[in-house]
Amino acid sequence: MPCLVDLHCHSTISDGLLTPVELVEHAALQGVRVLALTDHDDVSGLAEARNVAERHGIAFIDGVEISVTWRRRTLHIVGLKIDPEYPPLAEGLQAIREGRHTRAQGMAAALDAIGITGSLEGAYRHAKQGIISRAHFARYLIEKGHAKDMRSVFKKYLVKGKPGYVEHEWASLSQAVNWIIESGGVAVIAHPGRYDLGRNNMLLLMEEFRSLGGTAIEVVTGSHSVEQYQEFAHIARLFGLAASAGSDYHGPAHSYMDMGRLPELPAGCIPVWQHWPEMDNAADTHIRMEAH
Ligand code: AMP
Ligand code: MN
Ligand code: MN
Ligand code: MN
């Protein structure tokens, strides 16, 4: 039986392909009952999404996915149940978005240097509503025939060591966790299986995250393999962290997993939603308060 909670997805406010309204309508069609919108570094889709969610009887959770630099690597920290208007959070996200504009100029200059022109304007054409992201550069590069799909365009141009990649300093881990917690939310490490940290650094990250007041890690996500569900269920238990679940949906054909298709958390996980009143909404649709 699929888990009808989805606590990680993207709209056109960040690098998703569906508007907040379309995204919530898609979630409703897919049977999602408890939904968090977690755009990268931007909360401006939440009010609209909440509105539509309520019309569909979906319990809506205010979320965000914050870009962080930790030990010279980029990590993503999801905030759930945040107050999007809490000034330190809103100002922190604003500063990250400004940093994205600066990075975009650097990326465009780097692409210019290898003869790919027009990428700044081209990327912004794909990013009308909110943040500017590597995904928008990817869409421009595909449009111009420099690669055939998202996977190959990242591999060829947009990852570390490739010509369009620009080093960037995001928020610190403690800033991101503090903004989230102080705004009344809970902090979750997004898709830990995607970080190339090595075992020791992974354990150090968990330790530091927990001591900063972090609550959960994503165990079930479109970015994890089935083996990784078990691996991170184990790590969560080891550190006394709760487990979260989210598709990381970015739109049709741009996602590893569709909404409403997540498997349930592995046995022994404490769901991050364990004591959430929003879960009552799901009682009639088989959502379990605890993993089976
Ligand atoms: P940014 O936060 O601007 O650096 O962009 C990162 C975003 O690009 C991620 O959130 C993904 O949506 C997307 N992305 C990163 N790596 C890949 C990849 N290999 N294939 C497809 N999309 C990717
Ligand atoms: Mn993304
Ligand atoms: Mn992410
Ligand atoms: Mn994401």
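Analysis parameters
Residues numbered from 1 in each chain as written. Chains lettered and ligands numbered in written order. Predicted model: local features only at pLDDT ≥ 70, side-chain atom pairs only at ≥ 80, totals over all residues. Heavy atoms only, no water. Helix = DSSP H or I, 4+ residues; strand = E, 2+ residues; numbered from the N terminus. Core = buried A, V, L, I, M, F, W, Y, C linked by side-chain atoms within 4.5 Å. Buried < 20%, exposed > 50% of the residue type's maximum accessible area, 1.4 Å probe, protein only. Donors = N, O, S within 2.8 Å, 3.2 Å for Na, K, Ca; no water. Tetrahedral: all angles 85-135°; square planar, octahedral: opposite > 155°, others 65-115°. Domains from an automatic or database assignment. Contact = heavy atoms within 4.5 Å. Buried area = accessible area lost by both parts, 1.4 Å probe. Pairing = 2+ DSSP bridges. Axes fitted to C-alpha atoms, helices over the stretch in contact; angles between N-to-C directions. Polar contact = N/O pair within 3.5 Å; in protein donor to acceptor, adjacent residues only side chain to side chain. Salt bridge = Lys/Arg side-chain N within 4 Å of Asp/Glu carboxyl O.

**Observations concerning the environment of Arg-261**
No. 1: As for its placement among the helices and strands, Arg-261 is situated in the segment after β7 (242–246).
No. 2: Residues Arg-261 and Pro-2 lie 259 residues apart in sequence; the distance between their C-alpha atoms is 5.8 Å.

**Regarding the nonpolar core**
One recurring pattern in soluble globular proteins is that nonpolar side chains are buried together.
No. 1: Ile-66, Leu-80 and Trp-273 are the most contacted members of the largest nonpolar core, which totals 76 residues.
No. 2: Among the elements that make up this core, the one with the highest residue count is strand β3 (residues 59–70) (seven residues).
No. 3: Core analysis: the next-biggest nonpolar cluster, separate from the first, contains 16 residues, Ala-104, Ala-108, Ala-127 and Leu-141 among them.

**Some thoughts on the coordination of the manganese ion (ligand 2)**
No. 1: Within the protein, the atoms that donate to the manganese ion (ligand 2) are Asp-15 (OD), Asp-15 (OD), His-40 (NE2) and His-250 (NE2), at distances of 2.1 to 2.7 Å.
No. 2: For the manganese ion (ligand 2), the six donor atoms in the first shell make angles of 52 to 153 degrees at the metal, so the coordination geometry reads as irregular.
No. 3: Mapped onto the sequence, the donors of the manganese ion (ligand 2) take the spacing D-x24-H-x209-H.
No. 4: The distance between the manganese ion (ligand 2) and the manganese ion (ligand 3) comes to 5.7 Å. Linking Asp-15 in the loop between β1 (5–6) and α1 (20–29) with His-250 in the segment after β7, this pair joins segments that are 235 residues apart in sequence. Here Asp-15 matches His-250 in class, with each residue buried.

**Some remarks on the domain arrangement of the protein chain**
No. 1: What the domain assignment reports for the protein chain is domain 1 (5–93 + 169–291) and domain 2 (99–158).
No. 2: On a C-alpha basis, the centroid separation for the pair domain 1 and domain 2 is 26 Å.
No. 3: Each partner contributes to the interface: domain 1 provides 13 residues, whereas domain 2 provides 11 residues.
No. 4: Note on domain 1 versus domain 2: buried area summed over both sides is about 930 Å², and carbon and sulfur give 51% of it.
No. 5: Counting the surface domain 1 buries against domain 2, the share from its top three residues, Asp-15, Trp-170 and His-254, is 42%.

**Comments concerning the sheet that holds strand β5 (residues 186–189)**
Strand pairing within a sheet occurs via backbone hydrogen bonds; the two strands may be parallel or antiparallel.
No. 1: If you walk across this open sheet you meet the seven strands as β1-β2-β3-β4-β5-β6-β7, and the pairing is mixed. In this open sheet, the two edge strands, each paired with only one partner strand, are β1 and β7.
No. 2: Relative to strand β4 (residues 73–80), β3 is paired through eight bridges, and the arrangement is antiparallel. Note that in β4 the partner of Glu-65 across the bridge is Val-78.
No. 3: The strands that helix α2 (residues 46–55) touches are β2 (34–37) and β3; relative to β3, the one it contacts most, it runs at about 150 degrees.
No. 4: Packing against the sheet, helix α8 (residues 198–211) makes contact with β3, β4, β5 and β6 (216–221), and its axis sits at approximately 180 degrees to β5.

**Here's the deal with the side chain of Asp-42**
No. 1: Note on placement: Asp-42 falls in the loop between β2 and α2.
No. 2: Reaching out from Asp-42, the side chain makes a polar contact with the side chain of Ser-44 at a distance of 2.7 Å.
No. 3: Beyond its immediate chain neighbours, meaning those up to four positions away, Asp-42 contacts Ile-13, Val-64, Leu-93, Arg-97, Gly-130 and Ile-131.

**Brief notes about the coordination of the manganese ion (ligand 4)**
In an ideal octahedron of six donors the angles at the metal are 90 or 180 degrees, and in an ideal tetrahedron of four donors they are 109.5 degrees.
No. 1: The manganese ion (ligand 4) binds to the protein through His-8 (NE2), His-10 (NE2), Glu-65 (OE) and Asp-248 (OD), with metal-donor distances spanning 2.1 to 2.2 Å.
No. 2: Separating the manganese ion (ligand 4) and the manganese ion (ligand 2) is a distance of 4.7 Å. Placement of His-8 in the loop between β1 and α1 and of Glu-65 in strand β3 is noted, with a sequence separation of 57 residues between them. Across this residue pair, the class does not change: His-8 and Glu-65 are buried.

**With respect to the pattern of salt bridges**
No. 1: For the coordinates displayed, the defined rule picks out 10 salt bridges.
No. 2: Arg-100 serves as the salt-bridge partner of Asp-41, at 3.0 Å between the closest nitrogen and oxygen. Of this pair, Asp-41 sits in the loop between β2 and α2 while Arg-100 sits in helix α3 (residues 87–113), placing them 59 residues apart in sequence. As far as the burial class goes, Asp-41 and Arg-100 line up, both buried.
No. 3: Between Glu-278 and Lys-81 there is a salt bridge; the shortest N-O distance is 3.0 Å. Of this pair, Glu-278 sits in the segment after β7 while Lys-81 sits in the loop between β4 and α3, placing them 197 residues apart in sequence.
No. 4: Given the relative accessible area of 25%, Lys-81 is considered partly exposed.

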